[in-house]
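Summary of structural features
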2 protein chains.
Amino acid sequence: YYCIGEISQKGDAWRRRRFHAHRREREREREMAELTVILYMLTISLFTATVSASPCPANGLPLVRNISELPQDNYGRPGLSHITIAGSLMHGLKEVEIWLQTFAPGTRTPIHRHSCEEVFVVLKGSGTLYLASNSHAKSPGKPEEFRIFSNSTFFVPVNDAHQLWNTNEEEDLQVLVIISRPPIKIFMYDDWLVPHTAAKLKFPYLWDEQCYQSTLKDEL
Amino acid sequence: YYCIGEISQKGDAWRRRRFHAHRREREREREMAELTVILYMLTISLFTATVSASPCPANGLPLVRNISELPQDNYGRPGLSHITIAGSLMHGLKEVEIWLQTFAPGTRTPIHRHSCEEVFVVLKGSGTLYLASNSHAKSPGKPEEFRIFSNSTFFVPVNDAHQLWNTNEEEDLQVLVIISRPPIKIFMYDDWLVPHTAAKLKFPYLWDEQCYQSTLKDEL
């Protein structure tokens, strides 16, 4: 027989079990919620950490930046040191971009052209500018040679094929480069006789590749 | 009576006179033509001389130029040394312009704004950038202060009122300045509380005045 008391005891025990089960469920739910919040915050802080460590911050950088603390790399060109001091993909500029570049003795740019304006300020060393001022001919042809030196400045006429060469065997060549309408679109020539129409477009250029990719991702 | 001979002699004399008159006319014409050519060539050579001696040559300059040989002036701002390294009115650039500026201790720019991009590279010394990032308010208001130092870089957001001040009492402040869309159009404020709408346009700016005038003359 079933004593009511027992039943009720049974019932009490059942209710107690249900109550404890409910409490455990609520606890689990609370734990899950807490875990979700923790995971969410972890994700956010990881994301924030990624953004502030990213070489392509565009926003959120300090206004005044120490040039010696900026990202510096050879971007696959041995003997080159390139720093984008202020730029399009890296810092959100639209009209100008400034690079600090150092060429080890004997190193050079590819022969190339671009439709933007480009001004050089030579900070250290010396070298040679090769310039073919015949963008209307079939190919660049034999370039003119110009000696460049510390504290000199020059600009490359729009669309003229050119090459900068550290022809000084003793010393690094350091230049500040200013271009308009960034990011730069470069057409490269294997030699001076390659027809203008056969020059190879390299876009994004080496130092723009990483931030160009993350800009694309941001837009998706 | 009239002898045919005489008539003919008369006629000959008349023809001879006519012939000599014609020859004199032709000589005068030739002389005038020669004089015109000489005057024309004189004008051209004078013009060429003027162009090469002018501070606004735009063309005909050597490609590689020694910065220490470029025109340098304070353009009416005591304690300033300004050199246009490569520019619009002086060198025919259309998209970028580069200045080398040195501020004696205690000297500063006016409070001003412009719609072009502007990047600074601090080459020597230190100082303070005052920046009011509220171009949408009624007036600039109290600016933020940023310490700038040798080997630092910063850019001024488009249309933000700002002022650069050599607050270092010991040392010159030397900066390289890059602007887009030259020649620069500057709006100046007597103080930070002047409404944006009351800022005074100064165009052409001090160092552009001379070459702006000669550009206008060339266009007439």
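Quantities reported herein were computed from a predicted structural model and do not represent experimental measurements. (Residues numbered from 1 in each chain as written. Chains lettered and ligands numbered in written order. Predicted model: local features only at pLDDT ≥ 70, side-chain atom pairs only at ≥ 80, totals over all residues. Heavy atoms only, no water.)

**Side note on the overall build of chain A**
The helix and strand tally for chain A stands at three helices and twelve strands. Taking the intrachain contacts of chain A between residues at least 6 apart in sequence as the baseline, contacts between residues at least 24 apart amount to 70%. Roughly 12900 Å² of accessible area belongs to chain A as shown, and the carbon and sulfur atoms make up 57% of that amount. (Helix = DSSP H or I, 4+ residues; strand = E, 2+ residues; numbered from the N terminus. Contact = heavy atoms within 4.5 Å. Areas by Shrake-Rupley, 256 points an atom, 1.4 Å probe, with all protein chains shown as cover.)

**Topic: the state of the cysteines**
Residue and element names in this part refer to chain A. Scanning the entire structure with this criterion turns up two disulfides over all chains. Disulfide pairing places C56 opposite C211 at an S-S distance of 2.1 Å. The chirality of the disulfide connecting C56 with C211 is left-handed, given an S-S dihedral of about -85°. With a gap of 155 residues between them, C56 in the loop between α1 (4-53) and β1 (65-66) and C211 in helix α3 (residues 209-219) connect regions that are remote in the sequence. When sorted by exposure, C56 lands in the same class as C211, which is buried. (Disulfide = S-S within 2.5 Å. Buried < 20%, exposed > 50% of the residue type's maximum accessible area, 1.4 Å probe, protein only.)

**Regarding the pattern of salt bridges**
For the coordinates displayed, the defined rule picks out six salt bridges over all chains. Of the charged contacts in the structure, one is a salt bridge between A:E209 and A:K202, with a shortest N-O distance of 2.7 Å. Taking the relative accessible area as the measure of exposure, A:K202 reaches 23% and is therefore partly exposed. Of the charged contacts in the structure, one is a salt bridge between B:K200 and B:D190, with a shortest N-O distance of 3.1 Å. In this pair, B:K200 is assigned in strand β12 (residues 200-202) and B:D190 in the loop between β11 (186-189) and β12, connecting sequence segments ten residues apart. B:K200 gets classed as partly exposed once you look at its relative accessible area, which sits at 47%. (Salt bridge = Lys/Arg side-chain N within 4 Å of Asp/Glu carboxyl O.)

**Quick word on the pairing of strand β2 (residues 80-86) of chain B**
Residue and element names in this part refer to chain B. Counting buried positions over the seven residues of β2 gives seven, a clear majority of the element. Sheet analysis places β2 next to strand β3 (residues 96-103), joined by six bridges and oriented antiparallel. In the strand pairing of β3, I83 is matched with L100. (Pairing = 2+ DSSP bridges.)

**Re a negative patch on the surface**
On the surface, a cluster of negative charge is contributed by A:E169, A:E170, A:E171 and A:D172. Mapped onto the elements of the fold, A:E170 is located in the loop between β9 (161-165) and β10 (173-180). (Patch = residues over 30% accessible without salt bridge, like charges linked within 9 Å, V, L, I, M, F, W, Y side chains within 5 Å. Lys, Arg positive; Asp, Glu negative; His and termini not counted. Charge placed at Lys NZ, Arg CZ, Asp CG, Glu CD.)

**A word on the relation of the copies chain A and chain B**
The transformation that overlays chain A on chain B combines an axial shift of 0.0 Å with a rotation of 178°, and the residual RMSD is 1.6 Å. Such a combination of turn and shift is consistent with a two-fold rotation axis. Comparing interface residues between copies, 100% of those in chain A also lie at the interface in chain B; the contact surface is shared. (Least-squares fit on C-alpha atoms with pLDDT ≥ 70 in both.)

**Examining the interface of chain A and chain B**
Chain A puts 35 residues into the contact, and the matching count from chain B is 35 residues. Our count for the contact surface shared by chain A and chain B stands at two salt bridges. Linking chain A to chain B there are 14 residue pairs in polar contact (both at pLDDT 80 or more). Counting only elements with at least two residues in the side of chain A that touches chain B, the list comes to β1, β2 (80-86), β3 (96-103), β5 (118-124), β6 (126-132), β7 (144-149), β8 (152-156) and β10 of chain A. Here the residues of the side of chain A that touches chain B are counted per class, giving 22 nonpolar, seven polar and six charged. Inspection of the sheet shows β8(A) paired to strand β1 (residues 65-66) of chain B by two bridges, in the antiparallel sense. Note on β1(B): the bridge partner recorded for A:T153 is B:R65. (Polar contact = N/O pair within 3.5 Å; in protein donor to acceptor, adjacent residues only side chain to side chain. Nonpolar A, V, L, I, M, F, W, Y, C, P; charged D, E, K, R; others polar.)

**Concerning the sheet that holds β2(B)**
Pairing within the open sheet is antiparallel, and its six strands lie in the order β1(A)-β8(B)-β5(B)-β10(B)-β3(B)-β2(B). Unpaired on one side and paired on the other, β1 of chain A together with β2 of chain B mark the two borders of the sheet.

**A word on the environment of A:F154**
Tracing the backbone shows A:F154 in strand β8. Each C-alpha atom, one on A:F154 and one on A:E118, is 8.7 Å from the other, the two residues being 36 residues apart in sequence.

**Examining the UniProt feature "glycosylation site" (unreviewed entry) in chain A**
Mapped onto this numbering, the UniProt entry annotates "glycosylation site" (unreviewed entry) at A:N151. Summarising the element assignment, A:N151 is placed in the loop between β7 and β8. If we ignore the near neighbours within four places in the chain, the residues touching A:N151 are A:V122, B:R65, B:N66, B:I67 and B:S68. (UniProt positions renumbered as here; feature names shortened; annotations may be inferred.)

**A few points about the sheet that holds β10(A)**
Spatial ordering of the open sheet is given by β2(A)-β3(A)-β10(A)-β5(A)-β8(A)-β1(B), a layout of six strands whose pairing is antiparallel. Either end of the sheet is taken by a strand with one partner, and the two such strands are β2 of chain A together with β1 of chain B. Here β5(A) pairs with β10(A) via six bridges, running antiparallel. Bridged to A:E118 within β10(A) is A:I179.

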